[in-house]
Amino acid sequence: MTDYHGKGRGTAHGQAHGAGNGNGIVKGEPWEGGKRSPHPGAGRRKALVFPKGRLLKDDEREAVFRIVGPGPHERALLIENLHKIQDAEGCLPVGHLQALGELMRIPMAAVYEVATFYAHFDVVTDGEPRPARTTIRVCESLSCMLAGAEKLIAELGELDLDDVRVLRAPCVGSCHTAPAAHVGHHHVDHATADRIKSLVAHGHVHPEIPEYQDFDSYVAEGGYAVLKQCLSGERSVDSVIAALSDGGLRGLGGAGFPTGRKWTFVRGYKGPRLMAVNGDEGEPGTFKDRHYLETRPHAFLEGMLIGAWAVEAEEVFIYMRDEYPAVLAILANEIPKLAAAGLSKHVKVSVRRGAGAYICGEESAMIESIEGKRGLPRQRPPYVAEVGIFGRPTLVNNVETLYWIPSIIEKGPEWFANQGKNGAKGMRSYSVSGRVKKPGVVLTAAGTTANELIELCGGMLDGHAFKGYLPGGASGGILPASMADIPLDFGQLEKHGCFVGSHAVVILSDKDDMKDVALNLMRFFEDESCGQCTPCRNGTEKAVKLMSAETWDKPLLDDLSQVMRDASICGLGQAASNPLQSVIKFFPEDLS
């Protein structure tokens, strides 16, 4: 036994490290023989040569600096830098993430949580194989499902493709050319297995830029004249806002909030102010923004610069979805021309690239992503008009909304307002897909009906009878053909449990089982839920299981839908049950 003077069989330390000498001292220790007493750090055990944890290698640090560049390395550029690494390496090696965190002075945990949130990033740990060199993403959203996406996926699985992986993907914004796919960043319309095989064999993995109206052509037809009038003082902010309000322009990304009123609200908050363009067009069935960006991008850019001028924004962030690589290339080509022409002196223009997250179409989640974070919707209030990007008042507008602004100001509010019918104001760009002969963007009067849209698209496909339609994309519900004479405009469909949203109209026929349609949509929501709130995260998962059963448990689905509507944080969870409720209400024959 050891006494307080160290006598006995030796101390516990001595027993653990070697034989004691009866005085509690271990032979070979630096304090042996009474030279000095033991103290922390005196060498009682071997010190680690390196800090605990994974060691960052010099070649990883050098590689990341070479890829990312000299900076700036501000926190908000995290996602942009992750894209640079993903593009260069084909994945995100964990060592590169560690080096990026060190370079940007961000904790590894923060880098990792962002990198693993977005579907287009592939995090690879030490010792784990890298993904295949070429990634094929096949859209499995509703319009592509109707056009044979499942068959295409099966055929691709049977091909002997070297160093290729095939992934299921949510909507890629090409519903009118379904089935659609991406080979790397190369967009494939009317995709077939043979065509995809050929693209892979020839290395066609880069975006193909369509013909579009460039800066010089737009200016030649009078483009940017309205912006110049605004900047010169010829037009006042009040007169511009009045024109938008009188013309009835509303947010065309889904919410339908009056544009002039929104600009007035943002101007009312103390600056400095910022602006964001929501180009994350991820709602299944929607592709109108892509259409305008790939044909007349400068009409949108002029409207954006007018908006920034009106609210005195210091910087505008264009948030563009990663599924639109051609659009990103067009913006990269054309935006520098604005500065060269002296048209953007009043505002800095920055592009932020999404990374495969539908939730970032929700404006507060988009703002989180612009700040380099996970795209988690914020609790409101405060609203983004007051507390937006970096806590500043922020104007958020959709691409098509901005597209119409120069024309409304130039031609007058009456010109735009009188385009509508059935009590609606203005023009609308309906994204029409599904069982029609000529799907595409239909530019026509606001308040047009589904029956009229079918006529404008050449009628139903041969052998198909009109059965129902989605009036507003995946979250807008499903209506039967007997209700196809309702004007498709804001405020018209809510009493039926539906809404027009982004004006994405998917036409369904007697060949379509509405249970399968609703299940496809719910699987989309399950996959795209950010997971922040339980009603949406667990509710969509539970709904998919219940809807996969041969017989639906309608009372349980009704109860689940109510909880999701009432308790979800954002519109995704609140509207996810609309399609299943529509099937129960309007298509009972498909449930028998």
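Model, not experiment: these values are computed from the prediction.

*Asks:* Residues and numbers for the overall build of the protein, please.
*Replies:* If you tally the helices and strands in the protein, you get 24 helices and 15 strands. Projected onto its principal axes, the C-alpha coordinates of the protein cover approximately 100 × 65 × 50 Å. The proportion of buried residues among the 592 residues of the protein is 54%. Entry remark: accessible area of the protein is about 26,000 Å², with carbon and sulfur atoms responsible for 50%.

*Asks:* Before we move on, can you summarise the packing of aromatic side chains with the specific residues and values?
*Replies:* Aromatic ring pairs: the centre-centre distance and the angle between the two ring planes describe each pair. One pass over the structure, following the stated rule, counts 14 aromatic pairs. Between the aromatic rings of W404 and F416, the centroid separation amounts to 5.7 Å while the plane-to-plane angle is 50°, which identifies the pairing as tilted. Here F416 lies in helix α18 (residues 413–417) and W404 lies in helix α17 (residues 399–411), a separation of 12 residues in the sequence. Note on W404: relative accessible area 6%, which makes it buried. Ring geometry for F524 and F525: centres 5.4 Å apart, planes at 65°, overall edge-to-face. Joined through ring pairs, the aromatic side chains of Y292, Y403, W404, W415 and F416 make up one cluster. The ring of F257 has R261 sitting right over it, with the charged end atom 5.5 Å from the ring centre. Lying across the ring of Y324, R321 places its NZ or CZ 5.1 Å from the centre.

*Asks:* Mind laying out the environment of E526, listing which residues take part and the relevant values?
*Replies:* Within the fold, E526 resides in helix α20 (residues 514–528). A sequence separation of 15 residues divides E526 from E541, and the C-alpha atoms of the two residues are 5.7 Å apart. Contact partners of E526, with chain neighbours within four places excluded, come to T540, E541 and V544.

*Asks:* Lay out the nonpolar core with the relevant residues and their values.
*Replies:* Membership of the largest hydrophobic core comes to 144 residues, with the highest contact counts inside it found for L82, W263, F300, M304, I306 and I318. The leading source of residues in this core is helix α14 (residues 297–311), at 10 residues. In contact with M304, not counting residues within four places along its chain, are M275, V277, V316, I318, V349 and L402. Of all hydrophobic cores here, the second largest spans 15 residues; its members include L152, L156, V188 and I196.

*Asks:* Which residues make up helix α7 (residues 149–158), and what values do they have?
*Replies:* Every buried residue belonging to α7 is among A149, L152, I153 and L156, and all of these are buried. Take α7 and look down its axis: the buried residues cluster within an arc of 100°, on one side only. Away from the buried face of α7 by more than 90 degrees, exposed residues K151, G157 and E158 are located. Those residues of α7 hidden inside the fold are in contact with β3 (134–139), α6 (142–146), β4 (164–169) and α8 (193–201).

*Asks:* Run through the pattern of salt bridges, naming residues and quoting values.
*Replies:* Two side chains bearing opposite charge may form a pair once their charged atoms approach each other closely. Tallied over the full model, the rule gives 32 salt bridges. Among the ionic pairs, R165 bridges to D122, the shortest N-O distance being 2.6 Å. Taken together, the residues span a long stretch of sequence, with R165 in strand β4 and D122 in the loop between α5 (108–115) and β2 (123–124) at a distance of 43 residues. Note on D122: relative accessible area 14%, which makes it buried. Here E315 and K348 are joined by a salt bridge, their closest N and O atoms 3.9 Å apart.

*Asks:* Could you give an account of the packing of α20 against helix α24 (residues 578–586), with specific residues and numbers?
*Replies:* Two quantities define a packed helix pair, namely the angle between the helix axes and the distance between the axes. Packing of α20 against α24 brings their axes to within 8 Å, and their N-to-C directions diverge by 165°. The angle between the axes of α20 and α24 places the two elements in the roughly antiparallel class. α24 is crossed by α20, and the crossing has left-handed handedness. Mapping the contact onto sequence places M514, A518, L521 and M522 in α20 and P579, L580 and V583 in α24. Across the contact of α20 with α24, the residue classes tally to 7 nonpolar, no polar and no charged.

*Asks:* A description of the sheet that holds strand β13 (residues 466–470) should follow, citing residues and the corresponding values.
*Replies:* Read across the sheet, 5 strands follow the order β12-β11-β15-β13-β14 without closing on themselves; strand pairing throughout is mixed. Each of the sheet's edge strands pairs with one partner strand only, and the pair in question is β12 (440–445) and β14 (479–480). Direction of pairing for strand β11 (residues 427–434) relative to β12: antiparallel, over a ladder of 6 bridges. If you follow S429 over to β12, its bridge partner there is L443. Where α20 meets the sheet, it contacts β13 and β15 (504–509), and its direction lies at approximately 15° from that of β13.

*Asks:* Describe the environment of F121, with residues and values.
*Replies:* For F121, the position within the fold is in the loop between α5 and β2. Through-space distance from the C-alpha of F121 to that of T401 is 30 Å; in sequence the pair is 280 residues apart. What F121 contacts, discounting residues up to four positions off in sequence, is I79, L82, H83, Q86, L92, V114, A115 and A355.

*Asks:* So what's going on with the sheet that holds β4? Residues and values would help.
*Replies:* In space, the 4 strands of this open sheet follow the order β4-β3-β5-β6, with mixed pairing throughout. Pairing within the sheet leaves two strands with one partner each, and these edge strands are β4 and β6 (186–188). Ignoring strand direction, the axes of neighbouring strands in this sheet form an average angle of 20°. With 3 bridges connecting them, strand β5 (residues 181–183) and β6 associate as antiparallel partners.

*Asks:* Summarise a nonpolar patch on the surface; cite the residues concerned and give the values.
*Replies:* Residues V49, F50 and L55 make up a contiguous nonpolar surface patch of roughly 330 Å² in combined accessible area. With respect to the element layout, L55 can be found in the loop between α1 (12–17) and α2 (58–68). Take L55: its relative accessible area is 37%, and that puts it in the partly exposed class.

*Asks:* Can you break down α8 residue by residue, with the values?
*Replies:* Listed as buried for α8 are A193, I196, L199 and V200. The buried residues of α8 occupy one face: seen down the axis, they fall within an arc of 125°. Opposite the packed face of α8, turned more than 90 degrees from it, sit the exposed residues D194 and A201. Elements that come into contact with the buried residues of α8 comprise β3, α7, β4, β5 and β6. Where α8 ends, the next residue or the one after it, G203, has phi of about 70°, a positive value.

*Asks:* Please set out unusual backbone geometry residue by residue, giving values where relevant.
*Replies:* With an omega of 10°, the peptide bond between G71 and P72 qualifies as cis. Note that P72 resides in the loop between α2 and α3 (78–89). In this structure, the amide linkage connecting P381 to the following residue, P382, adopts the cis form with an omega of 5°. One can find P382 in the loop between α16 (363–370) and β10 (394–398). Even without a glycine there, the phi angle at Y224 is positive, about 75°. Along the polypeptide, Y224 turns up in the loop between α9 (215–220) and α10 (225–232). Here the phi dihedral of E312 falls at roughly 60°; this positive angle occurs in a residue that is not glycine. Mapping E312 onto the fold places it in the loop between α14 and β8 (313–320). A residue is classified by how much of its surface remains accessible, and E312, at 52% relative accessible area, is exposed.

Analysis parameters
- Residues numbered from 1 in each chain as written.
- Predicted model: local features only at pLDDT ≥ 70, side-chain atom pairs only at ≥ 80, totals over all residues.
- Heavy atoms only, no water.
- Helix = DSSP H or I, 4+ residues; strand = E, 2+ residues; numbered from the N terminus.
- Buried < 20%, exposed > 50% of the residue type's maximum accessible area, 1.4 Å probe, protein only.
- Areas by Shrake-Rupley, 256 points an atom, 1.4 Å probe, with all protein chains shown as cover.
- Phe/Tyr/Trp six-rings, centres within 6.5 Å; stacked < 30°, edge-to-face > 60°.
- Lys NZ or Arg CZ within 6 Å of the ring centre and 35° of its normal.
- Contact = heavy atoms within 4.5 Å.
- Core = buried A, V, L, I, M, F, W, Y, C linked by side-chain atoms within 4.5 Å.
- Arc of directions from axis to C-beta.
- Salt bridge = Lys/Arg side-chain N within 4 Å of Asp/Glu carboxyl O.
- Axes fitted to C-alpha atoms, helices over the stretch in contact; angles between N-to-C directions.
- Parallel < 35°, antiparallel > 145°, perpendicular 65-115°, else oblique.
- Left-handed = near helix turned anticlockwise from the far one by under 90°.
- Nonpolar A, V, L, I, M, F, W, Y, C, P; charged D, E, K, R; others polar.
- Pairing = 2+ DSSP bridges.
- Patch = residues over 30% accessible without salt bridge, like charges linked within 9 Å, V, L, I, M, F, W, Y side chains within 5 Å.

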